[in-house]
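# A look at the structure
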Amino acid sequence: MDFTLSAEQLELRTNVLAFAKDALDDATGDAEDGFRRDLWARCGEFGILGLPVPEQYGGSGRDVLSTTIAMEALGYGCRDHGLLFSMHAHLWAVVAPLLAFGTEEQKARYVPGLADGTLVGAHGMSEPESGSDAYAMRARAVKDGDCYVLDGTKTWVTNAPVADVFVVFATVNPKRGMWGATAFVIDKGTPGLSVSKPFRKLGLNGSPMGEVILDGCRIPASARLGAEGQGATIFNHSMGWERSCILASQVGRMERQ
């Protein structure tokens, strides 16, 4: 196997590293800074948030290796790894499942804004009483005509306090276990959806986390992502992307240090 990077990939790494050092390295991500929407917008304008997004939705259509190379360069050049942590959550747990499982209408509605930095995405799976056993969720989605009504609480949701779009999971049938899990895409401001204040953390303060509370949250059936019971497949797809790519920034950080 040939692991030599192409000239295009080397140029990408050089350009991203220069961008990170020039546009992002002033951010420390400490408690005083918190999430920097201005830096998020810079990353969107430069194209970071659209790296794996097809050109038809406003991205550059980069392959997974090129995207990972760019994230490694960001890890080297940007001191605020909270910002990068938020990017990873946004890209792998919101953008990736929308591209893979979303309808054409959903992709056209959300992906361009997620790719250009106009929107921030958040992904809600964990609950106060179901963390490692994610499919023991209590959040329910009840079909009511051409709508679903969602109730439940999601916790440790990266980007929740600043998000514009939420991919959340709820079960349509608790007796089916993981095969009852179903994903939904919900806009900020939807009645019945509320978000807690950011959690206090020891680090990564540039990446806010909080709870997402669903209390009689009524959404149209068109907001369902994928089919009923496909939530486990969607979640595993997201985690495959995240586990493959999220450590690239940490490799860059180690190289810098």
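No experiment lies behind these values; they were computed from the predicted model shown.

Calculation criteria
Residues numbered from 1 in each chain as written. Predicted model: local features only at pLDDT ≥ 70, side-chain atom pairs only at ≥ 80, totals over all residues. Heavy atoms only, no water. Helix = DSSP H or I, 4+ residues; strand = E, 2+ residues; numbered from the N terminus. Expected span 1.5 Å × (residues − 1). Buried < 20%, exposed > 50% of the residue type's maximum accessible area, 1.4 Å probe, protein only. Contact = heavy atoms within 4.5 Å. Core = buried A, V, L, I, M, F, W, Y, C linked by side-chain atoms within 4.5 Å. Phe/Tyr/Trp six-rings, centres within 6.5 Å; stacked < 30°, edge-to-face > 60°. Polar contact = N/O pair within 3.5 Å; in protein donor to acceptor, adjacent residues only side chain to side chain. Arc of directions from axis to C-beta.

### Thoughts on helix α5 (residues 104-116)
With 13 residues, α5 extends 18 Å from end C-alpha to end C-alpha; this agrees with the ideal 18 Å at 1.5 Å per step. The complete set of buried residues in α5 reads Q106, K107, Y110, V111, G113, L114 and A115. Packed against the buried residues of α5 are α2 (37-46), α4 (81-101), β1 (121-124), β4 (165-171), β5 (181-187) and β8 (224-225). Just beyond α5, the residue with positive phi is G117, at close to 90°.

### Thoughts on the nonpolar core
Within the largest apolar cluster, 25 residues are counted, with the highest numbers of intra-cluster contacts made by L98, L114, F169, V185 and L225. Only α4, α5, β4, β5 and α6 (231-245) provide two or more residues apiece to this core. Setting aside chain neighbours within four positions, we find V185 in contact with L98, Q106, Y110, V165, F166, V167, A223 and L225. Core analysis: the next-biggest nonpolar cluster, separate from the first, contains 24 residues, I48, A73, L84 and V162 among them.

### Topic: the packing of aromatic side chains
Evaluated as defined, the whole model comprises six aromatic pairs. Between F35 and W40, the aromatic rings sit 5.6 Å apart at their centres with planes inclined by 50°, giving tilted as the arrangement. Here F35 matches W40 in class, with each residue buried. Their ring planes at 65° and their centres at 5.0 Å tell us that Y148 and F184 sit as a pair that is edge-to-face. Taken together, the positions of Y148 in strand β3 (residues 147-158) and F184 in strand β5 put the pair 36 residues apart, joining distant regions of the chain. Each member of the pair, Y148 together with F184, is buried.

### Points about the side chain of T182
Here T182 is to be found in strand β5. Separated by 3.0 Å, the side chain of T182 and the backbone nitrogen of G229 make a polar contact. What T182 contacts, discounting residues up to four positions off in sequence, is V168, F169, A170, V172, R224, A227, E228, G229 and G231.

### Here we look at helix α1 (residues 7-24)
What sets the pattern is the α-helix's 3.6 residues per turn: residues three or four places apart point alike. In this model α1 runs 25 Å from its N-terminal to its C-terminal C-alpha over 18 residues, within 8% of the 26 Å that 1.5 Å per residue would give. The complete set of buried residues in α1 reads Q9, L12, V16, F19, A20, A23 and L24. Axial view of α1: buried residues confined to an arc of 100°, hence all on one face. Across α1 from its buried face, at more than 90 degrees, point the exposed residues A7, E11, T14 and D22.

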